[in-house]
Amino acid sequence: MAENKEQRYRFSEAPIWDLQRTYYEEKGLNAWNNDQVPQYITSNPMIATAYAEMIFGFLQDRAGKGDISETVTILELGAGAGRLAFHILHKLCEMRDYAGITLPPFQYVMTDLAIKNVDGWRNHPALQSFIQQGILDFARFDAVHDTELHLVVSNTTIRSGDLKQPLLIVANYFFDSIPQELIYVGDGKIFECDVLIEVPENSNKLNPSEALETMTLNYEHRRAPRYEEATYPYRDVISLYQQELEDSHILLPEVGLTCLERLKQLSQAGFLLLTADKGDHRLDNWKFAEPPQLVVHGSFSLTANYHAIQHVFEQKGAQILFTTHHYKNINVGCISMLETPMSYVNTRLAYRRFIERFGPDDFFSMKEWTDRQCDTMRLHEILAFWRLGGYDAEFFIECGKHISNLLHEASDEEMLDIQRGIHIMWSSYYEMEQRYDLALDAGLLLFEMDIYEDAKLFLEISVNADEEELVPTVLYCLAICSYELGLEEEALKYTREALVLEPEHEEALELLKCLEYSDQGN
């Protein structure tokens, strides 16, 4: 029987962080396939629209200050699968074109630690138009060490002081996934929390995900005077914790804070941070906090300490916006480390309208409910929620079968709204490896609606994307679409292809007779 081995580490230096890094470097964009690493809650069209509104408000505020010549750099940290960036740019360009007002130019820069991700984004079909417009670039960025950004498309480097405009930073599911310190507060003193990691003897043979799942973490405290020294850069927040907390384990985001300080140096005008994570900004939520437990999902995540980030930058003059109500699934914040942050009225109003009043966390709570209730919803209710979520593909997939069942009672107006929604959804669809074929589901629904031209378009996209897995029924539907559109040669081709795969397909045999008879008549 194999014995387990136990080793002791300072929390921020534990091997869990190397395993996290290795996992993403090895997997690249495949880490997010079929939601192995969660991404929907922080990268759906709803949250992207909220961010685009705040970014647009920021661009308006800069224009109002007369700063319209220099480019605003929008830097996404830990851009992951790339879906959030795509949705933000799609919506931001749509707003820019619709408004028709003078704004400063902008450039979005997607970053991540894994070079495989950078290469994957650069070649992703959905991002090509933004690259060609010159508004999207990419960089590998290590949050622990890097002080500059080398952009791979333009082959330029952003160094300290290069940016005239404030840097706009987007950081979703970022601060919970980078190294953090772990301290314990008790009797007014600060203790370092060391982690004792127990691993099976064969752990060196496991891949990173397996190794993380088999680890057992225990914690021990030791006095840590460095946090209480006057020279410690975050002494103010430590002092507050000593005064206000008791018997509390605190994740201290030293790496996150120093990362923001390094990024701040890139601009002569400060930064605006838009961030979303499972993390608390209220001190009360850290009282009597238990030691952290890893949430493993291929990689792992912890809880982000937004309170520490908020406190540190408030002391430096930043304005911090978090919702006045308590969050359930994801906490969305806006940190304005800018000169006269209150003068950024459009940015603040956008946060009020799209986060505070009803935001991504509220939407996700509603989506969890609709996912459970979809089969009981009426068509006009489904359409309303689909619109609210920005014609989200995942909601369409969830409710597609039920929409099909409701078509017999749909009004002409509802039919038109479904058709329009499908086209909007497809125009803002960011393809990832998923369990579903969106083009196929859209095409089959349109086929049921007798909208043959649109059905043919989507079914052909599906067929062309996977020619090795052709389905006779889909080919038969394409034959019918072609026949109804007067494209008899194509109808004959698709019918014969269907019969090659399924020679006894009765409907295809009947259609073949009809087409051949028609062909003879001509």
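First, a word on what this report is: a plain description of the structure on this page. The shown structure was predicted, so the numbers you read here are calculated from the model rather than taken from an experiment. (Residues numbered from 1 in each chain as written. Predicted model: local features only at pLDDT ≥ 70, side-chain atom pairs only at ≥ 80, totals over all residues. Heavy atoms only, no water.)

Looking now at the state of the cysteines. Evaluated as defined, the whole model comprises one disulfide. There is a disulfide in this structure between C374 and C399, and the S-S distance comes to 2.2 Å. Taken together, the residues C374 in the loop between helix 12 (360–373) and helix 13 (379–388) and C399 in helix 14 (residues 393–406) connect sequence positions 25 residues apart. Each member of the pair C374 and C399 is classed as buried. C477 carries a free sulfur, and the closest cysteine sulfur to it, the one in C481, is 6.7 Å from it. Not engaged in a disulfide, the cysteine C514 finds its nearest cysteine sulfur in C481; these two sulfurs lie 15 Å apart. (Disulfide = S-S within 2.5 Å. Helix = DSSP H or I, 4+ residues; strand = E, 2+ residues; numbered from the N terminus. Buried < 20%, exposed > 50% of the residue type's maximum accessible area, 1.4 Å probe, protein only.)

Let us look at the layout of surface pockets. The volume enclosed by the largest pocket comes to roughly 840 Å³. If you trace the largest pocket, you find 41 residues lining it, with Y24, D112, Y173, S177 and I178 closest to the centre. Looking at the lining of the largest pocket, the elements that each hand over two or more residues are helix 1 (15–27), helix 2 (40–43), helix 4 (83–99), strand 3 (106–112) and strand 14 (295–297). Among the elements that make up the lining of the largest pocket, the one with the highest residue count is helix 1 (five residues). Classifying every residue of the lining of the largest pocket gives 18 nonpolar, 14 polar and nine charged. In this model, the second largest pocket occupies a volume close to 330 Å³. (1 Å grid on protein atoms, 1.4 Å probe; cavity = no way out; pocket = protein on both sides within 12 Å on 5 of 7 lines; lining within 4 Å. Points joined across faces, edges and corners; volume = space filled by probe spheres on them. Nonpolar A, V, L, I, M, F, W, Y, C, P; charged D, E, K, R; others polar.)

The next subject is the sheet that holds strand 2 (residues 72–77). Hydrogen bonds between backbone atoms are what pair the strands of a sheet, whose relative direction is either parallel or antiparallel. What the seven strands build is an open sheet, ordered 4-3-2-7-12-18-17; its pairing is mixed. On the outer flanks of this sheet lie strand 4 (136–140) and strand 17 (319–321), each paired with one strand and no other. Shown here is a sheet whose adjacent strand axes are inclined to one another by a mean of 15°, direction ignored. Strand direction decides the pairing type here: strand 2 and strand 7 (residues 167–172), joined by four bridges, are parallel. Directly across from L77, in strand 7, lies its bridge partner A171. Docked against the sheet, helix 4 engages strand 2, strand 3, strand 4 and strand 7, running at close to 175° with respect to strand 3. (Pairing = 2+ DSSP bridges. Axes fitted to C-alpha atoms, helices over the stretch in contact; angles between N-to-C directions. Contact = heavy atoms within 4.5 Å.)

Looking now at the environment of L501. Turning to its location among the elements, L501 is positioned in helix 19 (residues 488–501). C-alpha separation for the pair L501 and E460, spaced 41 residues apart in sequence, amounts to 17 Å. Excluding anything up to four places from it in sequence, L501 contacts L470, V471, P472 and L475.

One way to put it is that helix 3 (residues 45–64) packs onto helix 4 with a least axis distance of 8 Å and a crossing angle of 50°. Taken as axis vectors, helix 3 and helix 4 run oblique relative to one another. Taken as a pair, helix 3 and helix 4 cross one another with a handedness that is right-handed. Along its contact with helix 3, which presents P45, I47, A48, T49, Y51, A52, E53, I55, F56 and L59, the element helix 4 presents R83, L84, H87, I88, K91, L92, M95, R96 and A99. Of the residues assigned to the contact of helix 3 with helix 4, the class counts are 13 nonpolar, two polar and four charged. (Parallel < 35°, antiparallel > 145°, perpendicular 65-115°, else oblique. Left-handed = near helix turned anticlockwise from the far one by under 90°.)

Quick look at the packing of aromatic side chains now. By convention here, two paired aromatic rings are described through the distance between centres and the angle between planes. All told, the structure shown has 23 aromatic pairs when counted by the stated rule. Taking the centre distance of 5.4 Å and the plane angle of 80° together, the rings of Y23 and Y24 count as edge-to-face. One exposure class covers both Y23 and Y24, and it is buried. Here the guanidinium or amino end of K65 rests over the ring plane of Y344, the centre of that ring lying 4.7 Å away. Its guanidinium or amino end placed over the ring of Y173, K278 lies 5.7 Å from that ring's centre, counting from NZ or CZ. (Phe/Tyr/Trp six-rings, centres within 6.5 Å; stacked < 30°, edge-to-face > 60°. Lys NZ or Arg CZ within 6 Å of the ring centre and 35° of its normal.)

This next bit is on the packing of helix 14 against helix 16 (residues 438–448). Two elements in contact, helix 14 and helix 16, have axes whose closest approach is 11 Å; the angle formed by their N-to-C orientations is 30°. Helix-helix and strand crossings are classified by hand; for helix 14 and helix 16 the assignment is left-handed. On helix 16, the residues that touch A393, F396, I397, I403 and S404 of helix 14 are L438, D441, A442, L445 and E448. For the contact of helix 14 with helix 16, a count of residues per class yields seven nonpolar, one polar and two charged.

Right, let's get into a nonpolar patch on the surface. Side chains of L470, V500 and L501 sit close together on the surface and give an oily, nonpolar patch of about 260 Å² of accessible area. Judged by relative accessible area, which is 31%, L470 ranks as partly exposed. (Patch = residues over 30% accessible without salt bridge, like charges linked within 9 Å, V, L, I, M, F, W, Y side chains within 5 Å. Areas by Shrake-Rupley, 256 points an atom, 1.4 Å probe, with all protein chains shown as cover. Salt bridge = Lys/Arg side-chain N within 4 Å of Asp/Glu carboxyl O.)

This part takes up unusual backbone geometry. Of note in this structure, D187 is not a glycine but carries a positive phi near 55°. Position of D187 relative to the elements: it lies in the loop between strand 8 (181–186) and strand 9 (189–200). Even without being glycine, F288 reaches a positive phi, approximately 60°.

This brings us to empty space enclosed by the protein. Tallied over the entire structure, the rule returns three cavities of 30 Å³ or more. In this structure, the largest cavity is lined by T323, H325, Y327, I330, N331, V332, I355, G359, P360, D361 and D362. Listing elements by their share of the lining of the largest cavity, those giving two or more residues are strand 18 (331–337) and helix 12. With three residues, helix 12 is the single largest residue contributor to the lining of the largest cavity. Looking at the lining of the largest cavity residue by residue, the class counts come to five nonpolar, four polar and two charged.

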